[in-house]
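Summary of structural features
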Amino acid sequence: MNNLPWKYTVPDHQKYKSELLYIIDNSPSDKETNYSDHSVITDFEYHAETKDYASFIFREEYIGGFIERVMEEYCASEIRIRHLWFQKYSKGGGHRWHQHPTCNVSCVYFIHLEDPRDGTEFFDGENIIKPEVSEGDIICFPSFLPHRSPVIKGDRKKVIISINMDIRGVDIDRIPC
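This section reports on the structure supplied with the text. In this text the structure is predicted, and so the values were computed from the model without any measurement.

Parameters at a glance
- Chains are numbered independently. Their residues run from 1 in the order of the written sequence.
- Thresholds applied to this predicted model are a pLDDT of at least 70 for local features of residues and 80 or more for the giving and counting of side-chain atom pairs; totals over whole chains, interfaces and linings are not thresholded and use all residues.
- Side-chain metrics in this entry use all non-hydrogen atoms of the structure; hydrogen atoms and water are not considered.
- Going along the chain from the N terminus, every DSSP run of H or I of four or more residues is numbered as a helix, and every run of E of two or more is numbered as a strand.
- Burial here depends on accessible area, computed with a 1.4 Å probe over protein chains only, as a share of the maximum for the residue type. Under 20% is buried, over 50% is exposed, and the range in between is partly exposed.
- The contact criterion used is simple: two residues touch if any of their non-hydrogen atoms lie within 4.5 Å.
- Areas reported as accessible are Shrake-Rupley estimates using a 1.4 Å probe. Residue values count occlusion only from the protein chains shown.
- Buriedness for pockets is judged along seven lines, at least five of which must meet protein on both sides within 12 Å for an open set on the 1 Å grid over protein atoms alone, while cavities are sets there where a 1.4 Å probe fits but cannot get out, and lining residues have an atom within 4 Å of a point.
- Grid points are joined across faces, edges and corners, and a volume is the space filled by probe spheres set on the points.
- We call Asp, Glu, Lys and Arg charged. Ala, Val, Leu, Ile, Met, Phe, Trp, Tyr, Cys and Pro are nonpolar, and the rest, Gly among them, are polar.
- Pairing of aromatic rings covers Phe, Tyr and the six-membered ring of Trp, with a centre-to-centre limit of 6.5 Å; geometry is then stacked below 30 degrees between planes, edge-to-face above 60, and tilted otherwise.
- By definition, being over a ring means that NZ of Lys or CZ of Arg is both within 6 Å of the ring centre and within 35 degrees of the ring normal.
- Think of a polar contact as two N or O atoms within 3.5 Å of one another; within protein, one of them needs to be a possible hydrogen donor and the other a possible acceptor, and neighboring residues in sequence only count if both atoms come from side chains.
- Between Lys or Arg on one side and Asp or Glu on the other, a salt bridge is scored when a side-chain nitrogen of the former is within 4 Å of a carboxyl oxygen of the latter.
- Strands were regarded as paired on the criterion that DSSP finds at least two bridges between them.

A separate point is the overall build of the protein. Each helix and strand in the protein was counted, giving three helices and eleven strands. Counting helices and strands in the order they occur from the N terminus, the protein gives β-α-β-β-α-α-β-β-β-β-β-β-β-β. Residues classed as buried in the protein amount to 49% of the 177 residues present. Considering only contacts within the protein whose residues lie at least 6 apart along the sequence, 82% involve residues at least 24 apart. When the accessible surface of the protein is split by element, carbon and sulfur atoms take 50% of a total near 9300 Å².

Right under this line is the structure:
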């Protein structure tokens, strides 16, 4: 079982990227959220029925392998998606250290990432962990693990989809005796 961030690479990400970005860019629930230390464009506060990209990315041929990997990593018999949302960052955008207290596994899918230095960072209680990421990667981690999106310093953009899920039940066949 994995308690640190781990990575899954979507096999055909480039095949789907432009269509997915088009759906996100044309989302009717797009809004800007400004805080004192960062700003992003997000649909965090909107209900799932307004998120056309959700049905797009959860097709079996798109990220079916990812769902299976989550189940393997956490010995799960079932998973439930609790919430998902997109965030679009540009110069000066970031997201301060935070956790996701209402679920047990969180994921960040890097749809568009111009510079790997803009990837999500984690804090394990002693060290800042900076996984190597690129477009098409999904980073998964226990939701209690503090993480942030560092402020983008250059003239770059980043688009991610965040996914919060619950592991529901243990698949005892995945646990060696």
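Let's pick the thread back up.
Let us now look at the layout of surface pockets. Of the volumes computed, that of the second largest pocket is approximately 310 Å³. Lining of the second largest pocket is provided by 20 residues; of these, Arg117, Asp118, Gly119, Glu121 and Pro150 occupy positions nearest its centre. For the lining of the second largest pocket, the elements supplying multiple residues, two or more each, are strand S5 (95-98) and strand S10 (147-149). Here the lining of the second largest pocket gets three residues from one element, more than from any other, and that element is S5. Of the residues assigned to the lining of the second largest pocket, the class counts are five nonpolar, six polar and nine charged.

So, on to the packing of aromatic side chains. A full pass over the atoms with the stated rule returns ten aromatic pairs. On the numbers, 6.2 Å between centres and 50° between planes, the contact of Trp6 with Tyr74 is tilted. Of this pair, Trp6 sits in strand S1 (residues 6-9) while Tyr74 sits in the loop between helix H3 (60-73) and strand S4 (79-89), and the two are 68 residues apart along the sequence. With a centroid separation of 5.7 Å and an interplanar angle of 55°, the aromatic rings of Tyr8 and Phe66 are classed as tilted. Here Tyr8, found in strand S1, pairs with Phe66, found in helix H3; they are 58 residues apart in sequence, far enough to count as distant. By relative accessible area, which is 13% here, Tyr8 ends up buried. Through a chain of ring-to-ring contacts, three or more aromatic side chains come together here, namely Tyr16, Phe56, Tyr62 and Tyr109. The positively charged end of Arg59 is found above the aromatic ring belonging to Phe56, 4.4 Å away from the centroid. Positioned over the ring face of Tyr89 is Lys158, at 4.5 Å from the centre of the ring.

Assignment of secondary structure puts Ser149 in strand S10. At a separation of 2.4 Å, a polar atom in the side chain of Ser149 contacts the side chain of Lys158. Ignoring any residue separated from it by four or fewer positions in sequence, one finds Ser149 in contact with Tyr89, Gly94, His95, Asp118 and Lys158.

Going through the model one piece at a time under the given rule, you end up with twelve salt bridges. Between Asp115 and Arg156 there is a salt bridge, with its nearest N and O atoms 3.8 Å apart. Of this pair, Asp115 sits in the loop between strand S6 (105-113) and strand S7 (121-123) while Arg156 sits in the loop between S10 and strand S11 (158-167), and the two are 41 residues apart along the sequence. Side by side, Asp115 and Arg156 carry an identical accessibility label, which is buried. A salt bridge links Arg148 to Glu121; the nearest nitrogen and oxygen atoms lie 2.7 Å apart.

For S6, the tally of buried residues reaches nine of nine residues, placing the bulk of the element in the interior. Where S6 lies against strand S9 (residues 137-142), five bridges are found, and the strand directions are antiparallel. Its bridge partner lying in S9, Cys107 is registered against Cys140. In terms of strand pairing, S6 meets S11 through eight bridges, oriented antiparallel. Bridge pairing links Tyr109 to Ile161 in S11.

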